[in-house]
Amino acid sequence: MGRQRRPSDPRGHWFLVAMCALLVTGALLLNGYVHNVVGETRAPVADRGSSPELDRVHAGGPVVNMSQARPLSVRPGRRRVALTFDDGPDPRWTPQVLDVLRRHGAKATFFVVGAHVAEHPELARRMVAEGHEIGDHTYTHADLTATPAWRTGLEMSLTQRVLAGATGIHTRLARMPYSSSPAAVGDGQLAAMRVLGADGYLLAFADLDSKDWSRPTVDRMLAASLPRQGKGAVIMFHDAGGDRSRTVVAVDRLLTLLEKRGYRATTLTDAVGLPSAHTPADTGEQVLGRVLTFAQRAASAFTGALGWVLTAAGVLTLARLLFFVTLAWVHARRARRRAAAGDASRRRDRAPRWLTPPPVTVIVPAYNEEAGIEATVRSLVTTDYPGQVEVLVVDDGSTDATARIAASLGLPGVRVIRQPNGGKPAALNTGIAQARHNILIMVDGDTVFEPSTIGNLIQPLADPSTGAVSGNTKVGNRRGMIGRWQHIEYVIGFNLDRRAFDLLGCMATVPGAIGAFRRQALASVGGVSLDTLAEDTDLTMAICRAGWRVVYEERARAWTEAPTSIRQLWRQRYRWCYGTLQAMWKHRGAVLERRPFGRRCLGYLTLFQVVLPLLAPVVDIMAVYSVAVGDPLPVIAVWAGFVTVQAVSGWYALHLDNERPSALWVLPLQQFVYRQLMYLVVIQSVATAVLGARLRWHTIRREGTFSSANEVEAVPGPTTHELAGGPPPTR
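Computed from a predicted model, the values in this text were never measured in an experiment.

Undergrad: Just checking my understanding: could you explain the pairing of strand S10 (residues 233–238) for this structure?
TA: Side-chain direction in a regular strand flips from residue to residue, so the side chains alternate between the two faces of the sheet. Of all six residues in S10, six are buried; the element is thus mostly enclosed. The side-chain alternation of S10 yields two buried faces, one formed by Ala 233, Ile 235 and Phe 237 and the other by Val 234, Met 236 and His 238. Relative to S10, strand S3 (residues 80–86) runs parallel, the two sharing six bridges. Bridge pairing in S10 links Asp 86 to His 238. By the bridge criterion, two bridges tie strand S9 (residues 208–209) to S10 in an arrangement that is parallel. By the bridge assignment, Asp 209 is partnered in S10 with Met 236. One crossover worth recording links S9 to the parallel S10 by way of helix H8 (residues 218–225), and it is right-handed.

Below is the structure:
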């Protein structure tokens, strides 16, 4: 139907959508970067090499200065030990280690992972407040022998910033992940040491390694970490990266033994006679550190919440699909039972039937439908319905030959009514006012009926409580990929759903392509409203709220011409979606009414037609991210599982509609173009509604699929012989 031109659709929101997509991607990347590798996951690996420089490192002490031309190192003084703890802070084990140190009056050095500091800044503050020393253990526990210089610098500087934000200090101490004693240093670690030394770091190794990362017994840990003959030592433990309960016990027992032997447990720099490694951070660094901490925690919280939300969305989607398939099976079973009119044992299950066929008026609102109006009108006239049929073609100010073609057919019972362009609702209201009968059928000007359609469609109206009937809309032009996708959508997404809506009493839409109405029901809601662009959805909701039953008749088939290009499809679905949002808002009061229609229908539409499609881009971003940076097999498995479930339900929906299942081969491809187009339509529609813009009516260029001048496609729809009055197809 035609409309006057209105201002262009809003576009500024796409910038916001792009920014949201970038923020989501950024959060995923930051969270993935932070949690890529955490904790001590393997024993230190000694790379090999031989050089005078390496020889000096091997022969030297555990604290190395690489800022000079050659390595310089120092050792702890006699009876001085530096307990060092790597990979923390950990919210469970670090507080227990700190408690043990406090009981013994000991000080220690914690080589912290920056990402863990950002997660638990309060523990870093406690370390500093209780007199312990902090060293840099990279931001993500990265193996610096395998990282380029820029990544090494990034790992260290990020840790320095979160330390500044959490404690107000920087540190000059660093320990490379997967390092152990100076004797184990090879060419790879030596190269990393040069990079760190150039940045002013003192490199810390260990004299004694408790090997708690390998989960030994407490006694073995104690034996490995106890210094001999009064020598000073740097001792390595871990306060994160797994179960450290044995470490806590071992440290407690070790400190008791050291106290008895006259050792003093102190910080690393104090043990080797150097000034404190801590230096104050300026205000700018502290602010940057707090921002980084907030960003990491926000990304972690967002990713975690998103995982739960998407899991819930996936469960809801699968549950909905299975529930609707079950309801469709129940609906089909009841339909078959009611159709068995000759079986006296099932007489109580039969629906009311007309004693005599009532007269029917078919209203065809038409605007520039010259390509298909003849086929539409002929299909209505060549019906096998035994009652009287009146066909009203309401030409809504067409600028082509629509009215002339309809009038020139000279078919019995056909009237052509011309009116100035006022829109499809106005044309329908004109048809309702001019109709001579009380059973009214509304059909679009690009749609054709099968000979049995009218009789099947009006049959449920024999029940006086039924106010409207939805027919079974089929896509007639399925030759291209877009047509096949829409065919699948119509069968699975529309007709299968309507079977369920029928049983639940919450039919959202009697489609404009095929619907039957009782005049009394239309009068009770004031006719067709002009308030929305989805006049069919608006009308259906109004009739349901007025207390009428709205049902689905699967045998009443209508073949419609679907859009054949992405642009046409976008314009049609944009209008549908925006109009549905208008109708939902208009009828929002139904949620509070006694009847369950509002809560069921509007709740379903809000969740599955608005909220979940708005989350769909995030699903795609997470899928691409997971495939790009992680193991793609879980993503592929989930995708294959969803497609399989859709295919099974699609097969059943096609079976119910007597359609060939061969159409399902396009279903996997539908996930990569068609699905994205549909959720972008929802985004555009929601933005248009929120911004208060008025969407203009989008006309669709008709191809005349059912015109006798065109080749009829090989689909199980009406043939040219049927349109001329031949028998219906055998299914």
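Undergrad: Even after reading the chapter, I still don't get the layout of surface pockets, so can you show me in this structure?
TA: In this approach, a probe sized like a water molecule rolls over the atoms, and the result shows the empty space that is left. What the second largest pocket holds in volume is close to 760 Å³. In terms of lining, the second largest pocket is formed by 31 residues, of which the most central are His 331, Ala 335, Arg 338, Glu 553 and Arg 555. Those elements that place two or more of their residues in the lining of the second largest pocket are helix H11 (283–339), strand S18 (466–475), helix H16 (481–504), strand S20 (549–560) and helix H21 (632–656). Along the lines of polarity and charge, the residues of the lining of the second largest pocket split into 11 nonpolar, six polar and 14 charged.

Undergrad: Help me understand the sheet that holds strand S16 (residues 439–442), please; the structure alone is not making it clear to me.
TA: The strands making up a sheet associate through hydrogen bonds between their backbones, and the pairing can be parallel or antiparallel. Judged by pairing direction, the sheet is mixed, and its eight strands sit side by side in the order S15-S14-S13-S16-S19-S18-S20-S17 without closing on themselves. Across the chains shown, the open sheet's two edge strands, defined by having one partner strand only, are strand S15 (414–419) and strand S17 (447–449). In this sheet, adjacent strand axes meet at a mean angle of 30 degrees when their direction is disregarded. Judged from the eight bridges that link them, S18 and S20 form a sheet pairing that is parallel. Bridging across to S20, Val 469 finds its partner in Val 551. Relative to the sheet, helix H14 (residues 424–434) contacts strand S13 (360–366), strand S14 (389–396), S15 and S16, its axis offset from that of S14 by approximately 145 degrees. Where helix H18 (residues 535–545) meets the sheet, its contacts fall on S16, S18, strand S19 (515–518) and S20, and the angle it forms with S20 comes to roughly 155 degrees.

Undergrad: Please clarify how the packing of aromatic side chains should be interpreted in this entry.
TA: Within the structure shown, the criterion is met by 12 aromatic pairs. Here the aromatic rings of Phe 324 and Phe 501 are separated by 5.7 Å at their centres, their planes lie at 85 degrees, and the arrangement is edge-to-face. With Phe 324 in helix H11 and Phe 501 in helix H16, this residue pair connects regions lying 177 residues apart in the sequence. Classification of Phe 324 by relative accessible area gives buried; the value is 4%. By relative accessible area, Phe 501 is classed as buried at 8%. Aromatic side chains Tyr 604 and Phe 608 sit 5.1 Å apart centroid to centroid with 35 degrees between the ring planes, which places their arrangement in the tilted category. Here Phe 608 and Tyr 604 lie together in helix H20 (residues 597–629), a separation of four residues that amounts to about one turn. A relative accessible area of 10% means that Tyr 604 is categorised as buried. Given a relative accessible area of 17%, Phe 608 falls into the buried group. The cationic tip of Arg 79 hangs over the ring face of Tyr 263; the distance from NZ or CZ to the ring centre is 5.5 Å. Residue placement shows Arg 320 over the ring face of Phe 324; its charged tip is 4.9 Å from the ring centre.

Undergrad: I'm lost on the nonpolar core in this one. Help?
TA: If you look at soluble globular proteins, the nonpolar side chains tend to sit buried side by side. Among the nonpolar cores identified, the biggest contains 47 residues, and Met 442, Phe 517, Leu 522, Met 541 and Ile 543 are the most heavily contacted of them. By residue number, the principal contributor to this core is H20, which donates eight residues. Dropping the residues within four chain positions of it, Ile 543 is found in contact with Ala 468, Phe 517, Ala 521, Leu 522, Val 525, Trp 548 and Val 550.

Undergrad: What should I look at first to understand helix H6 (residues 149–167) in this one?
TA: In an α-helix, one full turn covers 3.6 residues, which means residues spaced three or four apart are oriented alike. Along its 19 residues, H6 runs 27 Å from first to last C-alpha, staying within 8% of the 27 Å computed at 1.5 Å per residue. With its phi angle positive at about 80 degrees, Gly 168 sits one or two positions after the end of H6.

Undergrad: Looking at this structure, I do not really get the environment of Pro 412. What am I missing?
TA: Note on placement: Pro 412 falls in the loop between helix H13 (402–408) and S15. Classification of Pro 412 as exposed rests on a relative accessible area of 64%. In the structure, Pro 412 is positioned 22 residues away from Glu 390 in sequence and 8.5 Å away in space, judged by C-alpha atoms.

Undergrad: When you look at a nonpolar patch on the surface in this model, what are you seeing that I'm missing?
TA: On the surface, a nonpolar cluster with roughly 430 Å² of combined accessible area is contributed by Phe 15, Leu 16, Met 19 and Leu 22. Assignment of secondary structure puts Met 19 in helix H1 (residues 13–34).

Undergrad: In this structure, what is going on with the pairing of S20? I would like to understand it.
TA: Along S20, 10 of the 12 residues are buried, which leaves the element largely enclosed by surrounding structure. Where S17 and S20 come together, three bridges link them in antiparallel fashion. Residue pairing across strands places Val 448 opposite Trp 559, the latter belonging to S20.

Rules of the game
Residues numbered from 1 in each chain as written. Predicted model: local features only at pLDDT ≥ 70, side-chain atom pairs only at ≥ 80, totals over all residues. Heavy atoms only, no water. Buried < 20%, exposed > 50% of the residue type's maximum accessible area, 1.4 Å probe, protein only. Helix = DSSP H or I, 4+ residues; strand = E, 2+ residues; numbered from the N terminus. Pairing = 2+ DSSP bridges. Right-handed = clockwise from strand over helix to strand, strands pointing away. 1 Å grid on protein atoms, 1.4 Å probe; cavity = no way out; pocket = protein on both sides within 12 Å on 5 of 7 lines; lining within 4 Å. Points joined across faces, edges and corners; volume = space filled by probe spheres on them. Nonpolar A, V, L, I, M, F, W, Y, C, P; charged D, E, K, R; others polar. Axes fitted to C-alpha atoms, helices over the stretch in contact; angles between N-to-C directions. Contact = heavy atoms within 4.5 Å. Phe/Tyr/Trp six-rings, centres within 6.5 Å; stacked < 30°, edge-to-face > 60°. Lys NZ or Arg CZ within 6 Å of the ring centre and 35° of its normal. Core = buried A, V, L, I, M, F, W, Y, C linked by side-chain atoms within 4.5 Å. Expected span 1.5 Å × (residues − 1). Patch = residues over 30% accessible without salt bridge, like charges linked within 9 Å, V, L, I, M, F, W, Y side chains within 5 Å. Areas by Shrake-Rupley, 256 points an atom, 1.4 Å probe, with all protein chains shown as cover. Salt bridge = Lys/Arg side-chain N within 4 Å of Asp/Glu carboxyl O.

Nothing here speaks to function; it is all geometry.
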